[in-house]
Amino acid sequence: MFITEDIKYIGVNDHNIDLFEGQYDVPNGMSYNSYAICDEKIAIMDTVDVNFKDEWLSNIKNAIGDKVPDYLVVHHMEPDHSANILEFTKVYPDCRIVASQKAFVMMKQFFGTDFSDRQLIVGEGDTLSLGEHTLTFVTAPMVHWPEVIVSYDSKDKVLFSADGFGKFGALDVQEDWACEARRYYIGIVGKYGIQVQALLKKASNLDIEIICPLHGPVLKENLGYYINLYDVWSSYKAEEEGIMIAYTSVYGNTKKAVEYLEEKLIQKGAKKVVVNDLARCDMAEAVEDAFRYSKLVLATTTYNADVFPFMRTFIDHLTERNYQQRQIAFIENGSWAPMATKVMKEMLSKSKNLTLCETEVKIMSSMNDDTKNALDKLSDELLK
């Protein structure tokens with residue numbers, strides 16, 4: 001597949017994977033992207049997952065024929081992109097490896113060698129001429145590993161963005177970009193918003209017409225849409241006005257309270273209400289929704305003088321990824337000593353710029369008129 005006249009796609013699709021990193025459901029698989037720039041000199045941009053070595057090497061052969069690559073550019077050392085570096089050097093022993101200094105340290109850790117006889121270390125602003133194409137390298141530490149670089153081809157105005165602008169899903173499946181890119185970003189990169197913001201600032205000085213990520217489709221049209229979403233996600237702003245309710249319920253009484261609140265919110269004109277049963281939903285989808293919408297309601301039972309385990313896991317996922325700038329409401333249930341709200345507040349205490357609702361709903365075993373009145377009051381506060 002041609003990206004431009006001189007840049008070819010040589011990546012692979014993985015439909016055998018069921019969970020990415022062992023934790024993210026990927027019903028439509030994954031792509032591991034690699035590219036070949038064919039100029040006076042040939043550069044191969046990254047490798048692919050270890051299970052696709054033969055297919056990838058065949059793709060290189062189909063792209064360049066009997067020619068020999070001059071460079072292997074390594075933007076990111078995570079094994080789904082770097083696993084075949086050693087195998088590549090066996091097939092092309094004279095090819096130089098282009099990477100950051102930290103990447104070569106990691107190569108020593110992964111492969112037992114740092115390829116010292118063929119290193120080309122690059123850093124911020126360094127360039128590599130391939131003929132008509134010149135690559136300029138931009139450091140992107142902690143997006144989302146410390147060794148990451150991205151590169152910009154000034155001829156075709158292409159940004160090779162490493163894991164940036166990536167998404168779940170193989171390339172032979174059509175699906176909405178934003179949904180799976182959002183889930184990917186929040187799950188994989190979300191902790192490092194400050195670093196992503198720094199990279200976006202650097203990228204704003206480049207004339208970019210095409211983005212070639214290491215996962216997901218090549219982006220060629222309406223780049224402002226994708227860049228704006230990355231700006232929103234990495235600055236921890238709400239993408240949409242809406243209310244996300246995350247709950248756990250042991251015997252159904254907390255669930256009834258959530259359903260009552262949902263109904264009241266809709267009756268009173270809420271534009272968007274999303275409800276997630278944390279014990280049964282895809283946790284990554286729930287985390288995605290929490291970051292997507294402007295308001296979050298946490299409803300759970302007191303459990304072993306703590307909160308129900310799925311709620312604890314959910315909040316841990318949020319705080320790990322620097323969840324902030326949201327309005328938060330609490331609903332707790334307990335038959336003798338409810339303390340879930342206290343625990344949840346403590347868990348969120350390090351999050352920045354959270355606005356806590358004044359109305360806190362306490363359920364003693366099951367709903368009654370007092371509970372309904374409190375939920376009515378909470379619905380009004382959430383819709384102010």
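Residues numbered from 1 in each chain as written. Predicted model: local features only at pLDDT ≥ 70, side-chain atom pairs only at ≥ 80, totals over all residues. Heavy atoms only, no water.

Looking at this structure, I do not really get the overall build of the chain. What am I missing?
Of the regular secondary structure elements, the chain holds 12 helices and 21 strands. The dimensions of the chain, computed from C-alpha atoms along their principal axes, are 80 × 40 × 35 Å. Relative to its 384 residues, the chain shows a buried fraction of 56%. Across the chain, the fraction of contacts at a sequence separation of at least 24, relative to all contacts at a separation of at least 6, is 70%. Split by element, the accessible area of the chain, about 16800 Å² in all, is 47% carbon and sulfur. (Helix = DSSP H or I, 4+ residues; strand = E, 2+ residues; numbered from the N terminus. Buried < 20%, exposed > 50% of the residue type's maximum accessible area, 1.4 Å probe, protein only. Contact = heavy atoms within 4.5 Å. Areas by Shrake-Rupley, 256 points an atom, 1.4 Å probe, with all protein chains shown as cover.)

Explain the nonpolar core here, please?
A general feature of soluble globular proteins is that nonpolar side chains tend to end up buried together. If you look at the biggest cluster of nonpolar residues, it comprises 93 residues, and the most contacted ones within it are M107, L298 and F314. Ignoring sequence-local partners within four residues, the contact set of L298 consists of A246, M311, F314, I315, I328, A329, F330, I331, M344 and L348. Within the second largest apolar cluster, 21 residues are counted, among which are I7, Y71, V98 and V218. (Core = buried A, V, L, I, M, F, W, Y, C linked by side-chain atoms within 4.5 Å.)

In this structure, what is going on with the environment of A374? I would like to understand it.
Structurally, A374 can be placed in helix α12 (residues 369-382). Separated by 140 residues in the primary sequence, A374 and S234 place their C-alpha atoms 35 Å from one another.

Help me out: how do you make sense of the pairing of strand β17 (residues 273-277) in this one?
Looking along a regular strand, one sees side chains alternate from face to face of the sheet. The element β17 is largely enclosed, with a buried count of four among its five residues. Here strand β16 (residues 240-247) runs beside β17; their pairing, made up of five bridges, is parallel. Counted as the bridge partner of M244 is V274 from β17. With respect to chirality, the unit in which β16 leads through helix α8 (residues 253-267) into the neighbouring parallel β17 is right-handed. (Pairing = 2+ DSSP bridges. Right-handed = clockwise from strand over helix to strand, strands pointing away.)

Honestly, the packing of aromatic side chains in this entry has me stumped. Any pointers?
What describes a pair of aromatic rings is the distance from one ring centre to the other and the angle between the planes of the rings. Under the criterion given, the structure shown has 21 aromatic pairs. Pairing Y9 with Y35 gives two aromatic rings, centres 5.7 Å apart and planes at 75 degrees, and the pair type is edge-to-face. Taken together, the positions of Y9 in strand β1 (residues 7-9) and Y35 in strand β6 (residues 35-38) put the pair 26 residues apart, joining distant regions of the chain. Each member of the pair Y9 and Y35 is classed as buried. On the basis of an interplanar angle of 50 degrees and a centroid distance of 5.9 Å, the ring pair of Y32 and F52 is categorised as tilted. Taken together, the residues Y32 in strand β5 (residues 30-32) and F52 in the loop between β7 (42-45) and α1 (53-64) connect sequence positions 20 residues apart. The pair formed by Y32 and F52 is uniform in burial state, with each residue classed as buried. (Phe/Tyr/Trp six-rings, centres within 6.5 Å; stacked < 30°, edge-to-face > 60°.)

Please clarify how the pairing of strand β20 (residues 327-333) should be interpreted in this entry.
Of all seven residues that make up β20, seven are buried, and the element is covered over most of its length. Here β20 shows a buried face lined by Q327, A329, I331 and N333 and a second buried face lined by I328, F330 and E332. Taken together, the seven bridges between strand β18 (residues 293-303) and β20 define a ladder with parallel strand orientation. Its bridge partner being in β20, T300 is matched across the sheet by E332. As paired elements, β20 and strand β21 (residues 355-363) share six bridges and run parallel to each other. Looking at β21, one finds that I328 is bridged to L356. Note that the unit made of β20, helix α11 (residues 340-347) and β21 has a crossover that is right-handed.

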